[in-house]
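Architecture at a glance
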Amino acid sequence: MKRTSTRLADGREIFYYDTGEGAARAFPDTRPLDASAVASSSEVRRDPLLGDHVVIASHRQGRTYHPPADECPLCPSTGGRASEIPAPDFEVAVFENRFPSLAGDTGRCEVICFTPDHKTSFAELDEERAALVLAAWTDRTAELSAREGVRQVYCFENRGAEIGVTLAHPHGQIYAFPFTTARTTRMLAAVAAHRARTGGNLFEEVLAAERAEPAASSRVVLEGEHWTAFVPYAARWPYEVHLHPHRRVPDLPALGDEARAEFPRVYLELLRRFDRLFDLPDPTPYISAWHQAPAGDGREDFALHLELFTVRRTADKLKYLAGTESGMEAYMNDVRPEDAAARLREVASA
């Protein structure tokens, strides 16, 4: 992998990731951007009753919203139209978000573009490109984690208007949080309590139990030599899959070579199965989220894993977070996890 680093007209960093050493991506950004506009006015506040952190980012109300395809800011720059990516072509590009929720003392937000092709999706990438994306996630996690004040790095993709995506180009985001997120905090507490009670690792035991289930009632969706994907026992979403490496590691930089090599095949197969779930012309909306260990206590017991889920529950119905979910965080799932797993096995590639 070759990484080329340069800056946009307003001073933001941009990184190009290429499979070949010969790629040259240092194209100047010719846009008349104001460097002072980059600074985020976000504020991190802590809920005194729950202990959760909330980011107040009112400046994001003016961010780019559903532009036409020929004005997409994530496509490569071409004659007469300059975008966020000055190069006329690229393989994978990562840059600082122009409208960040987190910046400066409150963290950092980056955008990762998986491909220059506006009309494709991650599921349509080949394994080499998927491996390059994994390398970029890994590189950004290592670099951002080393920054002073960063507590947790979160790589994720939102896909589909139903999810709330405002830019249709295939892309994800990378957040460097100045705090440990609420979901991870709860995981760490459960893992620590289990360790104190039994001496074992809860992540390892959950994965082992899922892999040991009889085939007839299994929630395992697919299994490789180094990865297993399964629908969790208490799934919150109609179709929700957790993907774990068999050897527990805290984050992407710690992932072994064998698991790294197998990941593209397994992950692409998962995404393609999601797209075949409902037999619709439009791709399935989803959120794909890497859960990585934060800095500090509990890191040694955490397990890197990816959680993939869709808000679609049938071909013509969405799962909305209504009164119980949004108001009380008490989830009500319309699809039995074992049935969801069976369906995801049914739509496997031939």
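To keep things clear, this report deals only with the structure shown in the data block. (Residues numbered from 1 in each chain as written. Predicted model: local features only at pLDDT ≥ 70, side-chain atom pairs only at ≥ 80, totals over all residues. Heavy atoms only, no water.)

Below, the discussion takes up the packing of aromatic side chains. The final tally for this structure, using the stated rule, is 18 aromatic pairs. On the numbers, 5.4 Å between centres and 75° between planes, the contact of Phe156 with Tyr175 is edge-to-face. Taken together, the residues Phe156 in strand β7 (residues 152-159) and Tyr175 in strand β8 (residues 171-177) connect sequence positions 19 residues apart. For Phe156, a relative accessible area of 9% translates into the label buried. Classification of Tyr175 by relative accessible area gives buried; the value is 12%. Measuring from ring centre to ring centre gives 5.4 Å for Phe263 and Trp290, while their planes differ by 40°; the resulting arrangement is tilted. One end of the pair, Phe263, is in helix α4 (residues 257-275); the other, Trp290, is in strand β12 (residues 286-291), with 27 residues separating them in the sequence. (Phe/Tyr/Trp six-rings, centres within 6.5 Å; stacked < 30°, edge-to-face > 60°. Helix = DSSP H or I, 4+ residues; strand = E, 2+ residues; numbered from the N terminus. Buried < 20%, exposed > 50% of the residue type's maximum accessible area, 1.4 Å probe, protein only.)

This next bit is on helix α2 (residues 182-198). Along its 17 residues, α2 runs 24 Å from first to last C-alpha, staying within 8% of the 24 Å computed at 1.5 Å per residue. Here α2 has its buried residues at Thr184, Met187, Leu188, Val191 and His194. On an axial view of α2, the arc spanned by its buried residues comes to 130°, and they lie on one face. Exposed residues pointing more than 90 degrees away from the buried face of α2 are listed as Ala196 and Arg197. Among the structural elements, β7, α3 (202-212), β12 and β13 (305-310) are those in contact with the buried residues of α2. Where α2 ends, the next residue or the one after it, Gly199, has phi of about 85°, a positive value. (Expected span 1.5 Å × (residues − 1). Arc of directions from axis to C-beta. Contact = heavy atoms within 4.5 Å.)

Let's shift gears to the packing of α2 against α3. In contact at an axis separation of 9 Å, α2 and α3 are set at 90° when each is read in the N-to-C sense. With respect to α3, the axis of α2 lies roughly perpendicular. Side by side, α2 and α3 meet where Met187, Ala190, Val191, His194 and Thr198 of the first sit next to Leu202, Phe203 and Glu205 of the second. A class-by-class count of the residues in the contact of α2 with α3 yields five nonpolar, two polar and one charged. (Axes fitted to C-alpha atoms, helices over the stretch in contact; angles between N-to-C directions. Parallel < 35°, antiparallel > 145°, perpendicular 65-115°, else oblique. Nonpolar A, V, L, I, M, F, W, Y, C, P; charged D, E, K, R; others polar.)

Let's shift gears to the pattern of salt bridges. Going through the model one piece at a time under the given rule, you end up with 33 salt bridges. Across the salt bridge formed by Arg276 and Glu269, the nearest N and O atoms sit 3.9 Å from each other. The class for Glu269 is buried, based on a relative accessible area of 14%. Two residues, Asp339 and Arg336, come together in a salt bridge whose shortest N-O distance is 3.5 Å. When salt bridges that share partners are traced, they join Arg3, Arg7, Glu13, Glu96, Arg108, Glu110, Asp139, Arg140, Glu143 and Arg147 into one network. (Salt bridge = Lys/Arg side-chain N within 4 Å of Asp/Glu carboxyl O.)

Another aspect to go through is the environment of Tyr154. Here Tyr154 shows up in strand β7. Judged by its relative accessible area of 23%, Tyr154 is partly exposed. Taking the C-alpha atoms as reference points, Tyr154 and Trp290, 136 residues apart in sequence, are found 6.3 Å from one another. When neighbours within four sequence positions are excluded, Tyr154 is seen to be in contact with Gln173, Ile174, Tyr175, Phe177, Ala289 and Trp290.

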